[in-house]
Amino acid sequence: MSTMSEIAPTKIAPTSTVDRGAEAAAVEVRNLSQSFGERWAVRNATFNVEAGALHGFVGPNGAGKTTSLKLICTLLEPQAGTIRVFGQDVVLHQQEVRRRIGFMPDHFSMYRRMSVFEYLDFFGAAYGLATAQRDRVIKDVLALVDMHSRRNDLIAGLSRGMQQRVSLARVLVSDPDLLLLDEPASGLDPRARIELMEILKELKGMGKTIFISSHILSELADLCDSVTIIDVGRIKYSGSMSALLAHTHEHPTYRLGVGAEFPDLEQRLGELKGVMRVERVDGRAEFRVSFDWTVIDTNALLRGVLDMGVAVVSFTEERRHLNEAFMDLTQGGLE
Amino acid sequence: MFTGTLALLHRALRLDARLLRTHLFRVGFAGLVYASLIYTWGTSALLGAPGLKLFETMTYLNLVLISLAGISFFATAITEEKEEDTLGLLKLAGLNPLGILLGKSTSRLVGAILLLLVQFPFTLLAITLGGVTLLQVLAAYCSLAAYMVLLANVGLFFSIACRRGGAASASTLLFMILYFLAAPGLLTIRLGLVNGGVIVKSGVVDRFFEDSAELCRSGSIWNRIETITQTGFGESPIGTQVLFSLVIAGLFFLLAWVSFHHFTRDARGAAKPKADFSSRFIALGRKYRSRPRTRPLAWKEFHFVTGGMPVQIAKFVFYGMLAGLVFWASERYYGYTLAQAGQVVAIMMLVAITIESSMYASVIFHDEWRDRTLPLLTMMPIRPTTIITSKIAGCGPALVPALLWLGVGCVIWPQGLTELGNALILPSRWFVLLVALLFLTLTMFFSMVVRWGALPLAIAVMALGVIVSGCCGSPVFGMMAVVNRETGFQEGGFFLVDLVILTLIVGLQFDVRRRFEIASSQ
């Protein structure tokens, strides 16, 4: 896998810079609905993806993620509602939208008898790139996904992780502004996942808007700026990652370890500014201190503890696991 | 062993019973039998022995359908497990090769025999219509059942030996061609060898050829049915053909059993194309393969579906050798003129073009659908119509070798060039071309609708079309006669029929486009 410094000089030709100042949101979904027979795959969904953002699209299996992606990438026509990609309606301007997006399906859709280079060359030609331009772009994208040494290998002989990289390279050949990736990390081993996430960070740095679906929220936690959570076709949350915990009404909580016992310490901690609740952890000299959202003053807490003459042994933020928030939001089950 | 086998059989039968299309197929089949009955009743005033006519229609119809089932239904029994990577799971489940073979083939055989049994009472009606005896009906069904068992086991073997369903179907088809042409083929070779003085007439080799041909003839279902449908048939219902078929079927089953491990050692890898025959050709041509330019889709089809230049050169050489053999042997051993040999070559090349084009029609969309690459094509900024036409255009150059030898045949055959010219100006010749186009369009259409067997299905539908147009074509024929009489233009009637077929083709093409979009979004 290339490191970031190795990749840094590489720049995807020809027009990788997105003029975000003049752009509308990369994706605008309004009141989108889609059903298959009597089953609703997507129901009255509304959300935005900002241009240049790395946006996660999370939901359990069967939540409607793939259907939503297919609707955005013009493979399906919406039954109700509208979708705009960079301000263009996906139904009215289908071809223009297709030129600006790169879609990577959740399954390996590859021509296994082609070599890696032939595969990318074919897609480059299909997108109208001239031969010299294709040579340059293929070299760049192969360097980005670290597959340059395997360019003449048959796709059939590549491992799953390598095929996924080639698939990502295929998406990048046409230099799309918006990348729609449907569960790109599924089936990959931990190392391949980490490598994939590194590549996505690189792409974000190049100004691409990335819309990535997954059924594991924590997988995207460190990667995404914003997230949309979908369950049984309904949008449960759409916004920044940092506000997700606030949305679930969970109070910021810290763990405070003290050197020695102090009379009424639990009660006195509760009286400090902004503290909502104090709980002792398993009878040890350690407390879980929850703050009110409006007043999170950890300095005041630590000062107060020290003023009491209690030694602070440890003080860490107890981040509620994102999966718990995800579980809270998606507990609706099947409709 | 039998627990697993029964579980497989049970699953297959349950699945079969749940599918609507199975029942629709059976209803359609019963409808076909009913249509044959009506046709026989309608023509009974003109033809004698209406019962015999019904019996013959039913028997030959069954023969065609069983043959189609052989190259589609039976030949994919194991390959579908290979393609879905589930053969390894069956092995892991503790099923031994015999269990898997019995479980997979028996369910299909039971389903097919049920179709044969369901029509038996209808066929008995032929006895009441007159001209047929119960013995003839029993003998025909015994022969057909034996033929079905033979094809089921031949298909089973090839589905073990081949990686892909298409290859298994093609191999089974090749077996069937050999099965039907063995007797006349051996006799033709014998005649040539005797005429050329290579072997002595009535000598050992000559007798060997004759005996072998006789064995193949008595083992052939075609000859058996011809014998059965003759008035005064009085042989045993279980004749040589039945025994021959069962013995060969048994041998193929044993072969499938013995070779099971050899061909399925790597059940997952079995579906990988990297080591198969066509891939070797593709790998051979990689060095000389051009890069995609203005028509990348056509480039892809030419190189990866038809095999590219190496395969075309190989085909050109093969067809050339075939034509050379015909030219050389016809004059030397059979006393044919060079012109007659040219006609034979032209006909052979027409058959080759039909087979090749139908094979391409059955795979160009189906392979994309199977490999789930259709969404990638649809996502390109290319209109679906352009995608479809580009794919078809990419297969066009693959017909050039056969076309070249067709040209050679036509140049040598004095009427050949006239016939080719007629194909351009006469509606009766357009009719042949349009029927071929309709068949190819139908094959493309089915390749995006069914998981396997698009080609046999298209053949079956075309055969059905022939029967229906034969039954209900009176108004069309009447109209053709009126047009011919009024205009004095003998081809006028054909022109009208051509227009009807052209409309059908255009309609189907629109549906192919619609299916393409549906398949892409799935």
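Note that the coordinates shown come from a computational prediction; the quantities given were computed from them, not determined experimentally.

Parameters and conventions
Residues numbered from 1 in each chain as written. Chains lettered and ligands numbered in written order. Predicted model: local features only at pLDDT ≥ 70, side-chain atom pairs only at ≥ 80, totals over all residues. Heavy atoms only, no water. Helix = DSSP H or I, 4+ residues; strand = E, 2+ residues; numbered from the N terminus. Buried < 20%, exposed > 50% of the residue type's maximum accessible area, 1.4 Å probe, protein only. Contact = heavy atoms within 4.5 Å. Areas by Shrake-Rupley, 256 points an atom, 1.4 Å probe, with all protein chains shown as cover. Axes fitted to C-alpha atoms, helices over the stretch in contact; angles between N-to-C directions. Parallel < 35°, antiparallel > 145°, perpendicular 65-115°, else oblique. Left-handed = near helix turned anticlockwise from the far one by under 90°. Nonpolar A, V, L, I, M, F, W, Y, C, P; charged D, E, K, R; others polar. Pairing = 2+ DSSP bridges. Buried area = accessible area lost by both parts, 1.4 Å probe. Salt bridge = Lys/Arg side-chain N within 4 Å of Asp/Glu carboxyl O. Polar contact = N/O pair within 3.5 Å; in protein donor to acceptor, adjacent residues only side chain to side chain. Patch = residues over 30% accessible without salt bridge, like charges linked within 9 Å, V, L, I, M, F, W, Y side chains within 5 Å. Core = buried A, V, L, I, M, F, W, Y, C linked by side-chain atoms within 4.5 Å. 1 Å grid on protein atoms, 1.4 Å probe; cavity = no way out; pocket = protein on both sides within 12 Å on 5 of 7 lines; lining within 4 Å. Points joined across faces, edges and corners; volume = space filled by probe spheres on them. pLDDT = per-residue confidence, 0-100. Phe/Tyr/Trp six-rings, centres within 6.5 Å; stacked < 30°, edge-to-face > 60°. Lys NZ or Arg CZ within 6 Å of the ring centre and 35° of its normal.

Comments concerning the overall build of chain B
Phase 1: Each helix and strand counted, chain B has 25 helices and zero strands in total.
Phase 2: Each of the 522 residues in chain B was classed as buried or not, and the buried ones make up 45%.
Phase 3: Restricting the contact set of chain B to residue pairs at least 6 apart, pairs at least 24 apart contribute 76%.
Phase 4: With an accessible surface of roughly 25800 Å², chain B has 72% of that area assigned to carbon and sulfur atoms.

So, the packing of helix 22 (residues 427–447) of chain B against helix 25 (residues 492–521) of chain B
All names here are of chain B.
Phase 1: In contact at an axis separation of 9 Å, helix 22 and helix 25 are set at 20° when each is read in the N-to-C sense. Considered as vectors, helix 22 and helix 25 are oriented roughly parallel to each other. Where helix 22 crosses over helix 25, the two elements pack in a sense that is left-handed.
Phase 2: When its residues are assigned to classes, the contact of helix 22 with helix 25 shows 19 nonpolar, three polar and three charged.

Details of the sheet that holds strand 12 (residues 275–280) of chain A
All names here are of chain A.
Phase 1: If you walk across this open sheet you meet the four strands as 12-13-11-14, and the pairing is antiparallel. The open sheet terminates on both sides in strands that have one partner only, identified here as strand 12 and strand 14 (312–318). Within the sheet, the average angular offset between the axes of one strand and its neighbour, ignoring direction, is 20°.
Phase 2: Both strand 11 (residues 253–258) and strand 13 (residues 286–291) contribute to a ladder of five bridges, which runs antiparallel. Looking across to strand 13, one finds that Gly-257 is bridged to Glu-286.
Phase 3: Running at roughly 160° to strand 14, helix 11 (residues 298–307) makes contact with strand 11, strand 12, strand 13 and strand 14 of the sheet.

Some points on the interface of chain A and chain B
Phase 1: Between chain A and chain B, the residue contacts involve 36 residues of the former and 31 residues of the latter.
Phase 2: Summing both sides of the interface, chain A and chain B together bury roughly 3100 Å²; the carbon and sulfur share of this comes to 61%.
Phase 3: Taken together, chain A and chain B are joined by three salt bridges.
Phase 4: Linking Arg-291 of chain B and Asp-135 of chain A is a salt bridge whose minimum nitrogen-to-oxygen distance equals 2.8 Å.
Phase 5: Where chain A meets chain B, there are seven residue pairs in polar contact (both at pLDDT 80 or more).
Phase 6: Every element with two or more residues in the side of chain A that touches chain B is listed here: helix 3 (94–100), strand 6 (101–104), helix 4 (116–126) and helix 5 (131–144) of chain A.
Phase 7: Here the element with the most residues in the side of chain A that touches chain B is helix 4 of chain A; it accounts for eight residues.
Phase 8: Of the residues in the side of chain A that touches chain B, the class split is 19 nonpolar, seven polar and ten charged.

A few points about a nonpolar patch on the surface
Residues and elements named next belong to chain B.
Phase 1: On the surface, a cluster of nonpolar side chains totalling about 640 Å² of accessible area is made up of Met-309, Ile-313, Phe-316, Val-317, Met-321, Val-400 and Leu-404.
Phase 2: Sorting the residues of the nonpolar patch by element identifies helix 15 (308–333) and helix 20 (400–412) as the ones contributing at least two each.
Phase 3: Examining the composition of the nonpolar patch, we find that five residues originate from one element, helix 15, more than from any other.
Phase 4: Take Val-400: it is sitting in helix 20.
Phase 5: Accessibility expressed as a relative area gives 38% for Val-400, which makes it partly exposed.

Considering the nonpolar core
Phase 1: Ranked by internal contacts, the top residues of the largest apolar core, which has 106 residues, are Tyr-119, Leu-120, Phe-122, Leu-168, Leu-200, Leu-203 and Ile-229 of chain A.
Phase 2: Counting residues per element, this core draws most heavily on helix 16 (residues 338–363) of chain B, which supplies eight residues.
Phase 3: Beyond its immediate sequence surroundings of up to four residues, Leu-120 of chain A is in contact with Ile-138, Val-141, Leu-142, Val-166, Ala-169, Arg-170 and Val-173 of chain A.
Phase 4: Grouped together as the second largest cluster of nonpolar side chains are 59 residues, Leu-101, Phe-233, Phe-253 and Phe-260 of chain B included.

Points about the sheet that holds strand 7 (residues 178–182) of chain A
All names here are of chain A.
Phase 1: With mixed pairing, the six strands of this open sheet are ordered in space as 6-7-8-3-9-10. Unpaired on one side and paired on the other, strand 6 and strand 10 (234–240) mark the two borders of the sheet. Here the strands of the sheet are splayed against their neighbours by 15° on average, with no regard to which way each runs.
Phase 2: The pairing of strand 6 with strand 7 spans four bridges and is parallel. Bridge pairing in strand 7 links Gly-102 to Leu-179.
Phase 3: Sheet contacts for helix 6 (residues 160–173): strand 6 and strand 7; angle to strand 6, the most-contacted strand, approximately 160°.

Some words on empty space enclosed by the protein
Residue and element names in this part refer to chain A.
Phase 1: Per the counting criterion, the structure on display carries three cavities of 30 Å³ or more.
Phase 2: The volume enclosed by the largest cavity comes to roughly 50 Å³.
Phase 3: Lining the largest cavity, in full, are Gly-161, Gln-164, Arg-165, Leu-188, Ala-192, Glu-195, Leu-196 and Ile-199.
Phase 4: A total of four residues in the lining of the largest cavity trace back to one element, the largest contributor, which is helix 7 (residues 190–205).
Phase 5: Broken down by class, the residue content of the lining of the largest cavity amounts to four nonpolar, two polar and two charged.

Overview of the pattern of salt bridges
Phase 1: Tallied over the entire structure, the rule returns 29 salt bridges over all chains.
Phase 2: Linking Glu-80 of chain B and Lys-104 of chain B is a salt bridge whose minimum nitrogen-to-oxygen distance equals 3.5 Å. On the criterion of sequence distance, the pair formed by Glu-80 of chain B in helix 4 (residues 79–83) and Lys-104 of chain B in helix 6 (residues 97–118) is long-range, its members being 24 residues apart.
Phase 3: Note on Lys-104 of chain B: relative accessible area 6%, which makes it buried.
Phase 4: Shared partners join several salt bridges into a network, and the residues in it are Asp-121, Arg-134 and Asp-135 of chain A together with Arg-291 of chain B.

As for the confidence of the model for chain A
Phase 1: When the pLDDT values of chain A are averaged, the result is 81; 87% of them are 70 or greater.
Phase 2: Contacts from residues 1–22 of chain A, a stretch scored under 50 in pLDDT, to residues over four places away or in other chains number 41 contacts.

Brief notes about the confidence of the model for chain B
Phase 1: In the predicted model, chain B carries a mean pLDDT of 83, and the fraction of residues at 70 or more is 89%.
Phase 2: Scoring of the predicted complex yields 0.74 for pTM and 0.73 for ipTM.

Let's talk about the packing of aromatic side chains
Phase 1: Inspection of the entire model under this criterion finds 29 aromatic pairs over all chains.
Phase 2: Pairing Tyr-179 of chain B with Phe-180 of chain B gives two aromatic rings, centres 5.1 Å apart and planes at 80°, and the pair type is edge-to-face.
Phase 3: Tyr-179 of chain B gets classed as buried once you look at its relative accessible area, which sits at 9%.
Phase 4: With centroids separated by 6.0 Å and ring planes inclined at 70°, the aromatic side chains of Phe-365 of chain B and Phe-516 of chain B adopt a geometry described as edge-to-face. Taken as a pair, Phe-365 of chain B in the loop between helix 16 and helix 17 (366–370) and Phe-516 of chain B in helix 25 lie far apart in primary sequence, 151 residues in all. Residues Phe-365 of chain B and Phe-516 of chain B agree in their burial class; the two are buried.
Phase 5: Members of the aromatic cluster, connected to one another through ring pairs, are Tyr-147, Phe-157, Phe-158, Phe-175, Tyr-179, Phe-180 and Phe-252 of chain B.
Phase 6: Here the basic side chain of Arg-170 of chain A rests over the ring of Phe-123 of chain A, its NZ or CZ set 5.5 Å away from the ring centre.

Re the packing of helix 4 of chain A against helix 6 of chain A
Angle between the axes and distance between the axes are the two parameters that describe a pair of packed helices.
Residues and elements named next belong to chain A.
Phase 1: The geometry of helix 4 relative to helix 6 is characterised by a closest axis approach of 9 Å and an angle of 25° between their N-to-C directions. Here helix 4 is positioned roughly parallel relative to helix 6, judged by the angle of their axes. Relative to helix 6, helix 4 is oriented so that their crossing is right-handed. Here helix 4 contributes Val-116, Tyr-119, Leu-120, Phe-123 and Gly-124 to the contact with helix 6, which in turn contributes Val-166, Ala-169, Arg-170 and Val-173.
Phase 2: Split by residue class, the contact of helix 4 with helix 6 holds seven nonpolar, one polar and one charged.

Overview of the pairing of strand 2 (residues 39–49) of chain A
Phase 1: Taken together, the seven bridges between strand 1 (residues 27–36) of chain A and strand 2 of chain A define a ladder with antiparallel strand orientation. If you follow Val-27 of chain A over to strand 2 of chain A, its bridge partner there is Val-49 of chain A.

With respect to the side chain of Glu-368 of chain B
Phase 1: Mapping Glu-368 of chain B onto the fold places it in helix 17.
Phase 2: Side chain to side chain, Glu-368 of chain B and Thr-373 of chain B meet in a polar contact 2.6 Å long.
Phase 3: If sequence neighbours within four positions are ignored, Glu-368 of chain B has contacts with Tyr-111 of chain A together with Lys-300, Glu-301, Thr-373, Leu-374, Leu-377 and Lys-391 of chain B.

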